[in-house]
Amino acid sequence: HNDGLRPQGLAFALSPWPDRLGWDHDIALLMDRLIEQLDTSIELLVFFPEKDEPFARRVTALTNDRITLRLWEHPEELLEWIQRYEMIVGMRYHALVLAALAEKPFIGWGFQRKVRSLCTELGQPVWSFERGWEPDAILRQICEAWRQRASLPERYRPRLAPMKSLDLDKLPMFYSKTAI
């Protein structure tokens, strides 16, 4: 449920990319461009506080606080928050699973095979970092997905029943802030 609020904005669930110098600057620049082009709000969700929070704080500072940083106290908050967004871009697998369960469009990023597999299986866009970082192409991909955000979940709705039967309380991510 989303408390009757109309979904709005774009959420990112990102992690550090240790091998890429200036990754925080790359993301901040992309977010600034997205805010301008899509005329929407952006929130940065921290799924794995121990690894992601310092990175997320640097990005937030670099955007002059034009984006909102969301830190959870109880993992259930993530379930609630995901429902509030119009689209999710994530490097964190669990962020994408939650997006699918909330029937939200999403884009997967990164090196993880499970992220690529989920996106491919559910017909959602993916950017594999093996392709490198191409800011203009990535911006176009996000803008195109944004334009199609109402129809993107239609690609996977028929396959949701098995996912929705999962007992989320039994997933390891709900045991501690370091398990996500």
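Structure: see above.
I will try to describe carefully the structure that is included in this document. The model shown is predicted, which means the values in this text are computed figures rather than measured ones.

Here we look at the packing of helix H1 (residues 23-38) against helix H6 (residues 135-147)
Alright, step 1. Axis separation between H1 and H6 bottoms out at 11 Å; the angle between their running directions is 40°. Taken together, H1 and H6 sit at an angle that is classed as oblique. The handedness of the crossing between H1 and H6 is right-handed. In this structure, H1 contributes Leu 30, Arg 33, Leu 34, Gln 37 and Leu 38 to the contact, and H6 contributes Pro 135, Asp 136, Ile 138, Leu 139, Ile 142, Cys 143 and Trp 146.
Alright, step 2. In the contact of H1 with H6, the residues fall into nine nonpolar, one polar and two charged.

Some details on the environment of Leu 14
Alright, step 1. Within the secondary structure, Leu 14 sits in the loop between strand E1 (10-13) and H1.
Alright, step 2. Spatially, the C-alpha atoms of Leu 14 and Leu 45 are 7.5 Å apart, while their sequence positions differ by 31 residues.
Alright, step 3. If we ignore the near neighbours within four places in the chain, the residues touching Leu 14 are Ile 27, Met 31, Leu 44, Leu 45, Asp 52, Phe 55, Val 89, Met 91 and Trp 109.

Overview of the packing of aromatic side chains
Alright, step 1. Overall, the coordinates contain 13 aromatic pairs when judged by the stated rule.
Alright, step 2. Considering the side-chain rings of Trp 23 and Phe 129, the 5.4 Å spacing of their centres and the 75° angle between planes classify their relative orientation as edge-to-face. Here Trp 23 is found in helix H1, whereas its partner Phe 129 is found in the loop between strand E6 (126-128) and H6, with 106 residues between them in sequence. Of the two residues, Trp 23 and Phe 129, neither departs from the other in class, the shared state being buried.
Alright, step 3. The interplanar angle of 45° and the centroid separation of 5.9 Å between the aromatic rings of Phe 106 and Tyr 156 together place this pair among those described as tilted.

Rules of the game
- Residues numbered from 1 in each chain as written.
- Predicted model: local features only at pLDDT ≥ 70, side-chain atom pairs only at ≥ 80, totals over all residues.
- Heavy atoms only, no water.
- Axes fitted to C-alpha atoms, helices over the stretch in contact; angles between N-to-C directions.
- Helix = DSSP H or I, 4+ residues; strand = E, 2+ residues; numbered from the N terminus.
- Parallel < 35°, antiparallel > 145°, perpendicular 65-115°, else oblique.
- Left-handed = near helix turned anticlockwise from the far one by under 90°.
- Contact = heavy atoms within 4.5 Å.
- Nonpolar A, V, L, I, M, F, W, Y, C, P; charged D, E, K, R; others polar.
- Phe/Tyr/Trp six-rings, centres within 6.5 Å; stacked < 30°, edge-to-face > 60°.
- Buried < 20%, exposed > 50% of the residue type's maximum accessible area, 1.4 Å probe, protein only.

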